[in-house]
Amino acid sequence: MKFEKTKEVLNQLVADLSQMSMVIHQTHWYMRGPGFLTLHPMMDDFMDDVNDQLDEISERLITLDGSPYSTLREMADQTKIPDEVGRWDRTMEERLATLVDGYRYLADLYQKGIEVTGEEGDDPTQDIFIEFKTATEKRIWMIQAHLGKAPEIDA
C-alpha cells in the first residue's frame, strides 16, 4: 500500500481536528469577561477554519484509499489534544492559552506530515499540510498578539 505513514498522520489529524473543534466550542460557550463581544464571534471563525481543515484532511485520506475515523469514540480514543470539563472559573487569557497549546500541537503534527509526505513522495498531501501549518501558525501569532506575547513559533 502506498502512503501508509501519510495516511496515519491524516487520520491522527481527523481525531485531533475534531477534538480541537470541541476545545474551541468550549471556549466559545464558556467565555465571560473583557473582550467577550470581540472574541465570542471570533471563535465561530476559528471553528469554521478547523472544520474546513477537517473536511479537506478527511477527503484527502479517502482519496488515498484510507478510512477516516468517524465515531466520537474513535476520535476520543485517538486524539492527543487534552480535554477538560467546561467550567466558568477560567479567565479569557487561560482559555486563549489553551487554544494556543492546541494550535501548537497541530502545527507540529502538520510538520510531521510535511516530513512524512516528503519521504513517501506525496506532493499533493504535502501541499495541504504546508497550507494548514501556515494558517495554524498565523492563528498562534494572532492569539499570542492578543495576549501581549510574541508568537514563539520557532521556540
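Residues numbered from 1 in each chain as written. Predicted model: local features only at pLDDT ≥ 70, side-chain atom pairs only at ≥ 80, totals over all residues. Heavy atoms only, no water.

**Student:** Tell me about the overall build of the chain, and name the residues and values.
**Tutor:** When helices and strands are counted, the chain shows five helices and zero strands. When the helices and strands of the chain are read in sequence order from the N terminus, they spell out α-α-α-α-α. In terms of overall dimensions, the chain is globule-like: its C-alpha atoms have a radius of gyration of 16 Å, near the 15 Å expected for 155 residues. Across its three principal directions, the C-alpha atoms of the chain cover 50 × 35 × 20 Å. Every one of the 155 residues in the chain was classed for burial, and the buried ones make up 45%. Sequence-distant contacts in the chain: of pairs separated by 6 or more residues, those separated by 24 or more amount to 78%. For the chain, the accessible surface area stands at approximately 8,600 Å², while carbon and sulfur atoms represent 52% of it. Counting 16 positive and 31 negative side-chain charges, the chain places the centres of these two groups 4 Å from one another. (Helix = DSSP H or I, 4+ residues; strand = E, 2+ residues; numbered from the N terminus. Rg over C-alpha atoms; globule rule 2.2 N^0.38 Å. Buried < 20%, exposed > 50% of the residue type's maximum accessible area, 1.4 Å probe, protein only. Contact = heavy atoms within 4.5 Å. Areas by Shrake-Rupley, 256 points an atom, 1.4 Å probe, with all protein chains shown as cover. Lys, Arg positive; Asp, Glu negative; His and termini not counted. Charge placed at Lys NZ, Arg CZ, Asp CG, Glu CD.)

**Student:** Pulling in residues and values, what's your account of the packing of helix α2 (residues 36–63) against helix α4 (residues 92–120)?
**Tutor:** The packing of two helices is summarised by the inter-axis angle and the distance between the axes. Closest axis-to-axis distance for the α2/α4 pair is 14 Å, and the angle between their directions is 20°. The angle between α2 and α4 falls in the class roughly parallel. Pair α2 / α4 crosses with left-handed handedness. Where α2 approaches α4, its residues Leu39, Met43, Phe46, Val50, Gln53 and Ile57 are matched on the opposing element by Met92, Leu96, Leu99, Tyr103 and Tyr110. Residue classes in the contact of α2 with α4 are distributed as ten nonpolar, one polar and no charged. (Axes fitted to C-alpha atoms, helices over the stretch in contact; angles between N-to-C directions. Parallel < 35°, antiparallel > 145°, perpendicular 65-115°, else oblique. Left-handed = near helix turned anticlockwise from the far one by under 90°. Nonpolar A, V, L, I, M, F, W, Y, C, P; charged D, E, K, R; others polar.)

**Student:** Before we move on, can you summarise α4 with the specific residues and values?
**Tutor:** Between its terminal C-alpha atoms α4 stretches 42 Å, which fits the 42 Å expected from 29 residues at 1.5 Å a residue. Taken from the residues just after α4, Gly121 is the one with a positive phi, measuring 75°. (Expected span 1.5 Å × (residues − 1).)

**Student:** An account of the packing of aromatic side chains is requested, with residue identities and associated values reported.
**Tutor:** Taken as a whole and judged by the stated rule, the model has four aromatic pairs. Taking 6.1 Å as the distance between ring centres and 80° as the angle between the ring planes, the aromatic pair formed by Phe46 and Tyr103 counts as edge-to-face. Of this pair, Phe46 sits in helix α2 while Tyr103 is found in helix α4, placing the two residues 57 residues apart along the sequence. Of the two residues, Phe46 and Tyr103, both sit in the buried class. Three or more aromatic residues joined by ring pairs make a cluster, and in this case those are Tyr110, Phe129 and Phe132. (Phe/Tyr/Trp six-rings, centres within 6.5 Å; stacked < 30°, edge-to-face > 60°.)

**Student:** Can you lay out the side chain of Ser21 for me, pointing to particular residues and giving the numbers?
**Tutor:** Residue placement: Ser21 occurs in helix α1 (residues 4–30). At 3.3 Å, the side chain of Ser21 and the side chain of Asn51 are in polar contact. Once residues within four sequence positions are removed from consideration, Ser21 is found in contact with Met47, Val50 and Asn51. (Polar contact = N/O pair within 3.5 Å; in protein donor to acceptor, adjacent residues only side chain to side chain.)

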